Amino acid sequence: MKYTQLGRTGLKVSRLVLGTMNFGPQTDEPTSHSILDAALASGLNFVDTANVYGWGENKGRTEEIIGTWFARGGGRRDKTVLATKVYASMAGEGDPWPNYDRLSALNIRRAVEASLKRLQTDYIDVYQFHHVDRRTPFEEIWQAVDVLIQQGKVLYAGSSNFPGYKIAQANETAARRGSVGLVSEQCLYNLAERRAEMEVIPAAQEYGLGVIPWSPLHGGLLGGVIKKEVEGGRRASGRSADALANSSVRAQVQAYEDLLDKHGLEPGETALAWLLTRPGVTGPIVGPRTAEQLESALRALELELSDEVLTGLDEIFPGPGASPEAFAW
C-alpha cells in the first residue's frame, strides 16, 4: 500500500479511500465486514462514510455496520482513519421538527454524538461538511468544531462538494479565529468530469487541503461499460445509461475504451490510476460492493500509465483549463 499525507496535516492515509455508501443498501453486513477486513489487510487505512448513508428509513445504517466491525476488536479502530459527514436531514419521514440538518452548532453537536454512538467509537478522525450551508456563518460552524476538537471527539474537519470560494471563505474565517480549518475536500472528479480543476482543486492546493475524488468511474461510465454491453449483454444503468444516450458521449467513451484496449489496460483500473497522477489528489474513493471489486481497485495502485496513454486520455477527455484563462482572455 502507498501512503501520503492528508493535505497539510501530519496524518498518513492510504492512496485509496474505502467508500462505504453501498454498505447496507446493496451489501449486507457480513459482506461489508469482509470487505473492510480485506481493505485493512491490504493496508488501506482510510474509510469514508456519512451519517445519512443507508438512506430512507435506514439512515445511519452504514455507520452502524462500521460500528459493529470496530466492535469486533483486533485493532480495527486504531488502524483506521475514519471519516464521516454531516449535513443532510436525519429526521424521520414526516418528522416536522427542525434543526436536524445543515451545519448549525446545534445540529453539528447532535450529529456528532449520534454518529459516535452508531460507529461505536469515541472520536472521528475527519469530520466532513457534506454540503455548503448558505444559512449558517462559518464563525458558528468553527465555534462548534473547535469545541469538538477540544473535547477530543473530532481531530480534523473537511469539506465535501464545496466550490473554490467557499473553501477560501471557510479557511480565512478559521485563520482569523486561530482554528485549523479545512484539511480536505471531497469532490466529484474523474476523467469525464474535470470541472474541479478550474477552481476547486487550485483552492484546495492553495489552502493545503487534500483532494478526495468521489465517483472516480463516473457512475460506471469509465468502467468499460460499452465493452460489457457487447461481450456480456450487460446493459448500462443509472447515470452511465443516461450519459450513453448522448451520441457524442458514447463516441467519447468508445474512444476511451479503444485506447485502453490498444494498450492492454482495464478501464476501471486506468480511471483510478489517472486520478492518482493528478496534482493535489490524496486518493480517490472506491465503493466496492464485492471483494472482487476491491481487488480490482487495489491493482490501480501498481499501474503506471505511459506518457502516450496520458496524452491520449487528455485528448479524449480534455480538462477545462486553468482559471481564469478558461473563461477569460
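What counts and what doesn't
Residues numbered from 1 in each chain as written. Predicted model: local features only at pLDDT ≥ 70, side-chain atom pairs only at ≥ 80, totals over all residues. Heavy atoms only, no water. Helix = DSSP H or I, 4+ residues; strand = E, 2+ residues; numbered from the N terminus. Expected span 1.5 Å × (residues − 1). Buried < 20%, exposed > 50% of the residue type's maximum accessible area, 1.4 Å probe, protein only. Arc of directions from axis to C-beta. Pairing = 2+ DSSP bridges. Right-handed = clockwise from strand over helix to strand, strands pointing away. 1 Å grid on protein atoms, 1.4 Å probe; cavity = no way out; pocket = protein on both sides within 12 Å on 5 of 7 lines; lining within 4 Å. Points joined across faces, edges and corners; volume = space filled by probe spheres on them. Nonpolar A, V, L, I, M, F, W, Y, C, P; charged D, E, K, R; others polar. Contact = heavy atoms within 4.5 Å. Polar contact = N/O pair within 3.5 Å; in protein donor to acceptor, adjacent residues only side chain to side chain. Salt bridge = Lys/Arg side-chain N within 4 Å of Asp/Glu carboxyl O. Phe/Tyr/Trp six-rings, centres within 6.5 Å; stacked < 30°, edge-to-face > 60°. Lys NZ or Arg CZ within 6 Å of the ring centre and 35° of its normal.

Colleague: Sorry if this is basic, but what is going on with helix α4 (residues 105-119) here?
Modeller: What sets the pattern is the α-helix's 3.6 residues per turn: residues three or four places apart point alike. Taking 1.5 Å as the rise per residue, α4 with 15 residues should run 21 Å; its terminal C-alpha atoms sit 21 Å apart, in good agreement. Along α4, the residues classified as buried are N107, I108, A111, V112, S115, L116, R118 and L119. Down the axis of α4, the sector holding all buried residues measures 160°, keeping them to one side. Exposed side of α4, more than 90 degrees from the buried face: R109 and K117 are the residues found there.

Colleague: Would you mind showing me how to read the pairing of strand β9 (residues 210-214) here?
Modeller: Both faces of the sheet carry side chains from a regular strand, because those side chains alternate between them. In terms of burial, β9 is a largely internal element, 4 of the 5 residues being buried. Direction of pairing for strand β8 (residues 182-188) relative to β9: parallel, over a ladder of 5 bridges. Within β9, the residue paired with E185 across the bridge is V211. For the handedness criterion, the β-α-β arrangement of β8, helix α7 (residues 200-206) and β9 is classed as right-handed.

Colleague: Before we go on, may I ask you to explain empty space enclosed by the protein in this structure?
Modeller: Once rolled over the atoms, a probe with the size of a water molecule shows which space is left empty. Tallied over the full model, the rule gives 1 cavity of 30 Å³ or more. As a volume, the largest cavity reaches approximately 40 Å³. Lining the largest cavity are W142, V145, D146, I149, Y156, A157, S179, V180 and G181. Elements supplying a minimum of two residues to the lining of the largest cavity: α5 (138-151) and β7 (154-160). The element contributing the most residues to the lining of the largest cavity is α5, with 4 residues. Grouping the amino acids of the lining of the largest cavity by side-chain chemistry returns 6 nonpolar, 2 polar and 1 charged.

Colleague: Looking at this structure, I do not really get the environment of R15. What am I missing?
Modeller: As for its position among the elements, R15 is in the loop between β2 (12-14) and β3 (17-19). Separated by 286 residues in sequence, R15 and L301 have C-alpha atoms that sit 7.8 Å apart. In this view, R15 contacts M1, K2, Y3, T4, L276, V281, T282, G283, P284 and L301; residues no more than four positions away in its chain are not counted. Only 2.8 Å separates the side chain of R15 from the backbone oxygen of V281, close enough to count as a polar contact. Only 3.1 Å separates the side chain of R15 from the backbone oxygen of T282, close enough to count as a polar contact.

Colleague: What exactly am I supposed to notice about the pattern of salt bridges here?
Modeller: Once their charged atoms are close, side chains differing in charge can pair, the charge on each being opposite to the other. Across all of its chains, the model carries 18 salt bridges by this definition. In this structure, K85 and D48 form a salt bridge, with 2.8 Å as the shortest nitrogen-oxygen distance. Taken together, the residues K85 in strand β5 (residues 81-86) and D48 in strand β4 (residues 46-48) connect sequence positions 37 residues apart. Across the pair, D48 and K85 agree in class, each one buried. Here E63 makes a salt bridge to R118, at a shortest N to O gap of 2.8 Å. Of this pair, E63 sits in helix α2 (residues 61-70) while R118 sits in helix α4, placing them 55 residues apart in sequence. Residue E63 is classed as buried on the basis of its relative accessible area, which comes to 0%. Since its relative accessible area comes to 17%, R118 is described here as buried. By sharing partners, the salt bridges in this structure join R194, E197, R278 and D314 into a single network.

Colleague: What is the right way to read unusual backbone geometry from this model?
Modeller: Peptide bonds are trans in most cases, and residues, glycine excluded, mostly fall at negative phi. Note the cis peptide between S323 and P324, where omega equals 5°. Tracing the chain through its elements places P324 in the segment after α13 (307-316). The backbone of Q120 shows a phi angle near 55°, a positive value even though the residue is not glycine. If you trace the backbone, Q120 turns up in the loop between α4 and β6 (124-129). Among the residues examined, Q120 registers a relative accessible area of 46% and is labelled partly exposed. The phi dihedral of H218 is positive, around 50°, even though this residue is not glycine. In this structure, H218 sits in the loop between β9 and α8 (225-232).

Colleague: Quick question: what am I supposed to make of the packing of aromatic side chains here?
Modeller: All chains considered together, the criterion is met by 6 aromatic pairs. Ring plane angle 55° and centroid distance 6.4 Å describe the contact between F138 and F162, whose orientation is recorded as tilted. In this pair, F138 is assigned in helix α5 and F162 in the loop between β7 and α6 (164-177), connecting sequence segments 24 residues apart. Considered together, F138 and F162 belong to a single accessibility category, that of buried residues. We note R77 situated over the ring of Y123; from NZ or CZ to the ring centre the distance is 4.0 Å. Directly above the ring of Y100 sits R110, whose terminal nitrogen or CZ lies 4.1 Å from the centroid.

The analysis is restricted to geometry; functional conclusions fall outside its scope.
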